[in-house]
Amino acid sequence: MIWTGLAVGLAFAGLAVLAWCSFRVWLGVRRLARELERTRRRLEPEHSALRAEVRDLRDARTPVDSGEGVRSS
């Protein structure tokens, strides 16, 4: 009978350790999500400026049609 009590106690202790580890992982994930959101907010102005610059470069690069067809160099 002592073996069953010991087995139940060890199982409970193992579950308690797993619960503690999963709680720590959950806290780490929350911290990482907060850090990613903060970084995303900080980089948003630069990202918008870069997108505008790429759009301007793309608009400025209009192809010039010479009307002569394909030319070899």
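As the structure is a prediction and not an experimental result, all values here were calculated from the model.

Criteria and cut-off values
Residues numbered from 1 in each chain as written. Predicted model: local features only at pLDDT ≥ 70, side-chain atom pairs only at ≥ 80, totals over all residues. Heavy atoms only, no water. Helix = DSSP H or I, 4+ residues; strand = E, 2+ residues; numbered from the N terminus. Buried < 20%, exposed > 50% of the residue type's maximum accessible area, 1.4 Å probe, protein only. Areas by Shrake-Rupley, 256 points an atom, 1.4 Å probe, with all protein chains shown as cover. Salt bridge = Lys/Arg side-chain N within 4 Å of Asp/Glu carboxyl O. Expected span 1.5 Å × (residues − 1). Bend = angle between axes of the 7 residues up to and from the residue. Phe/Tyr/Trp six-rings, centres within 6.5 Å; stacked < 30°, edge-to-face > 60°.

Below, the discussion takes up the overall build of the chain. What the chain contains, in helices and strands, is one helix and zero strands. Buried positions account for 0% of the 73 residues belonging to the chain. Working note: accessible area of the chain is about 7400 Å², and carbon and sulfur atoms make up 65% of it.

The next thing to look at is the environment of E37. Note that E37 resides in helix α1 (residues 2-60). Under the relative-accessibility criterion, E37 is labelled partly exposed at 34%.

Next up on the list: the pattern of salt bridges. Applying the stated criterion across every chain, the model contains three salt bridges. With a shortest N-O distance of 2.7 Å, R38 and E35 are connected by a salt bridge. Linking R38 with E35, this pair stays in helix α1, spanning three residues, or about one helical turn. Judged by relative accessible area, R38 falls into the partly exposed class, the value being 36%. Between E37 and R40 there is a salt bridge, with its nearest N and O atoms 3.0 Å apart. With E37 and R40 both in helix α1 and three residues apart, this pair spans about one turn of that helix. In this structure, a network of salt bridges that share partners links the residues E37, R40 and R41.

Look at α1: 83 Å from first C-alpha to last across 59 residues, which is about the 87 Å you get at 1.5 Å a residue. At L43, α1 shows its largest bend, some 45°, and a proline, P45, comes one to four positions later.

This brings us to the packing of aromatic side chains. The tally for this structure, following the rule as stated, stands at two aromatic pairs. An angle of 35° between the planes, with centres 6.0 Å apart, marks the rings of W20 and F23 as tilted. With W20 and F23 both in helix α1 and three residues apart, the pair spans about one turn of that helix. Among the residues examined, W20 registers a relative accessible area of 51% and is labelled exposed. By relative accessible area, F23 is classed as partly exposed at 38%. An aromatic cluster is defined as three or more aromatic residues linked by ring pairs; in this entry it consists of W20, F23 and W26.

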